[in-house]
Amino acid sequence: MELWQALKNHSQQQYYPFHMPGHKAGRLGAFTEILSQDITEITDFDNLHKPEGILLQSQKRCAELFGAEESFFLVNGSTSGILSSILSVCSAKDEIIVARNCHKSVYSALVLSGAKPIYILPENIENADFLGSITLEQIQKAVTKNTKAAIITSPTYEGITSNIAEISDFLHKKNILLIVDEAHGSHMKFHNYFPKTALQQNADIVIQSLHKTLPCPTQTAVLHIQGNRVNRNKLKQCLSMVQTSSPSYLFLSAIDFCCHWLEKEAKNAFEYYVQNLKWFYEQSKYWKHIVLLNEAGYCRDKSKLILQLPQRQMTGIQLNDILIKKYHLILEMGYLSYAIAMTSPADTKQGFDMLSKAITQIDAEICGNSKVMSFPKIQNILPILKYCPRQAFFAEKKQIPFSKSQGQICGEFIIPYPPGIPLLAPGEVITKQIMKQIAVLQKANISLVGCHNNTLNTIEVIS
Ligand SMILES: Cc1ncc(COP(=O)(O)O)c(C=O)c1O
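Cut-off values and rules
- Residues numbered from 1 in each chain as written.
- Predicted model: local features only at pLDDT ≥ 70, side-chain atom pairs only at ≥ 80, totals over all residues.
- Pairing = 2+ DSSP bridges.
- Helix = DSSP H or I, 4+ residues; strand = E, 2+ residues; numbered from the N terminus.
- Domains from an automatic or database assignment.
- Contact = placed C-beta atoms within 7 Å.
- Near = placed C-beta within 6 Å.
- Nonpolar A, V, L, I, M, F, W, Y, C, P; charged D, E, K, R; others polar.
- Axes fitted to C-alpha atoms, helices over the stretch in contact; angles between N-to-C directions.

Chemist: Just to check I follow, could you spell out the sheet that holds strand β11 (residues 338-342) for this structure?
Modeler: Hydrogen bonds between backbone groups are what pair the strands of a sheet, and the pairing can be parallel or antiparallel. In spatial order, the strands read β8-β9-β11-β10; together these four strands make up an open sheet with antiparallel pairing. Single-partner strands in this sheet number two, and they are β8 (291-292) and β10 (333-334). Where β10 meets β11, two bridges bridge the pair, whose relative direction is antiparallel. The residue of β11 that forms the bridge with M333 is I340.

Chemist: What's the story with the environment of I359 in this structure? I'm lost.
Modeler: Considering the arrangement of structural elements, one finds I359 in helix α11 (residues 349-366). In this structure, the C-alpha to C-alpha distance between I359 and G114, residues 245 residues apart in sequence, is 47 Å.

Chemist: Any chance you could explain the domain arrangement of the protein chain here in plain terms?
Modeler: Quite often, the size of an interface is put as the accessible area lost when its parts meet. One can read the domain layout of the protein chain as domain 1 (3-262), domain 2 (267-366) and domain 3 (389-462). A straight line from the C-alpha centre of domain 1 to that of domain 2 covers 28 Å. On the side of domain 2, 18 residues touch domain 1, which itself brings 21 residues to the contact.

Chemist: Any chance you could explain the site of the ligand here in plain terms?
Modeler: Close to the ligand lie 13 residues, the nearest being G77, S78, T79, H103 and A183. Of the residues contributing to the shell around the ligand, the split by class is three nonpolar, nine polar and one charged.

Chemist: Would you explain the sheet that holds strand β2 (residues 95-99) in this entry?
Modeler: Pairing in this open sheet of seven strands is mixed, and the strands run β1-β7-β6-β5-β4-β2-β3 from one edge to the other. Bordering the open sheet on either side are β1 (70-74) and β3 (116-120), each of which pairs with just one other strand. Mean inter-strand twist for the sheet, computed between neighbouring axes without regard to direction, equals 20°. As judged from the five bridges shared by strand β4 (residues 147-153) and strand β5 (residues 177-181), these two strands associate in the parallel manner. Within the sheet, the bridge partner assigned to I152 lies in β5 and is V180. In the packing of helix α3 (residues 77-89) onto the sheet, contacts are made with β1, β2, β4, β5, β6 (205-208) and β7 (221-225), and the angle to β6 comes to roughly 160°.

And the structure:
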């Protein structure tokens, strides 16, 4: 029996629970209706930290579905998969190639492991405030004799993918392991309208947030592995270190059910989904000002609808505000020159229709709008690294006025959120260029997380 069915049966039998959790099958507390299936590691329900029964079977089915050799359920998001994969591969004497547009969890893993990052900067995309692909040449240039692994994000938050096949081929010849943060790509396996997955292109470790693009609750994710470069024992130990010892059976069951749903329904559901996406891209051709980013010379996961605001007559933040207030629609993110509408196979034709009508109307109204907003393009720059993130994280620090911090070594993270990519990490020099970028983000009211002082009146630097 599959985990989700076993849990349903179990709750119908109404055993009296002399075990955790303390809400006692939903007798008290919040969300009581859904808690009857929220159990702990009782008889017959296995243990995520030593799966031998029903959970092992679920994970095996998941691996088969996604084309991995082994898969591990994650209840603390892709974050826990990224932390454990880097911890299992690198120690303080190792180097790891890190694409500078990686999510903040990668930088946390650098602090935890002590590994030295060799940052590479993805390609620039003309007229866009986000980065493009990682190229093979960039990886080739970055490799040294101490390189243990490389981690890249593909697809990115904006859906940009890299050529994983050629990168993994090159790295494997040098016995270097490739980790792909595919947090945004768990849907890609299920229709050829989307780019090939990292597993299909031979990456060694692939991490996916099911909750981002598949019908699965927040925090659910999976880590997949293949090949013989991964130290599987060590990886399992690291997973056990970073995941809670009380994983939610609601999350585990939801992952299991998502896999079941994909096995049974993906074919039809993804046909419908892709039809709707294609229809939406067609509609966007009628817009005069707002541009829906298409492939534009690089491979992109088109489930992400990137709405670009030309000539900065409106910011992505403003577009999101209008959609919320006037059209009752909420985007994933509004940024300076673009906004992201995230889609999934759970979206309906009606949903696509509403968004299309709203954008068409807003686009028509931009004509008469003479108020030109101007934000300089966010330049993407490689940081000057004075200390490794771990060294810097544990160093002595002091607070100084941000305005006087030019040339100092940053002691904390400055992370525009979303998308959660650090602008500054501990150990990096605070340059004039970075300070200018921070000013632009602050002017646009983009939230900065990670730092001690949210308003950045002061900043922590290394003493
Ligand atoms: C590229 C990328 N990687 C990893 C993560 C972390 O995923 P999770 O929230 O599932 O921990 C995110 C989250 O936003 C992300 O955008």
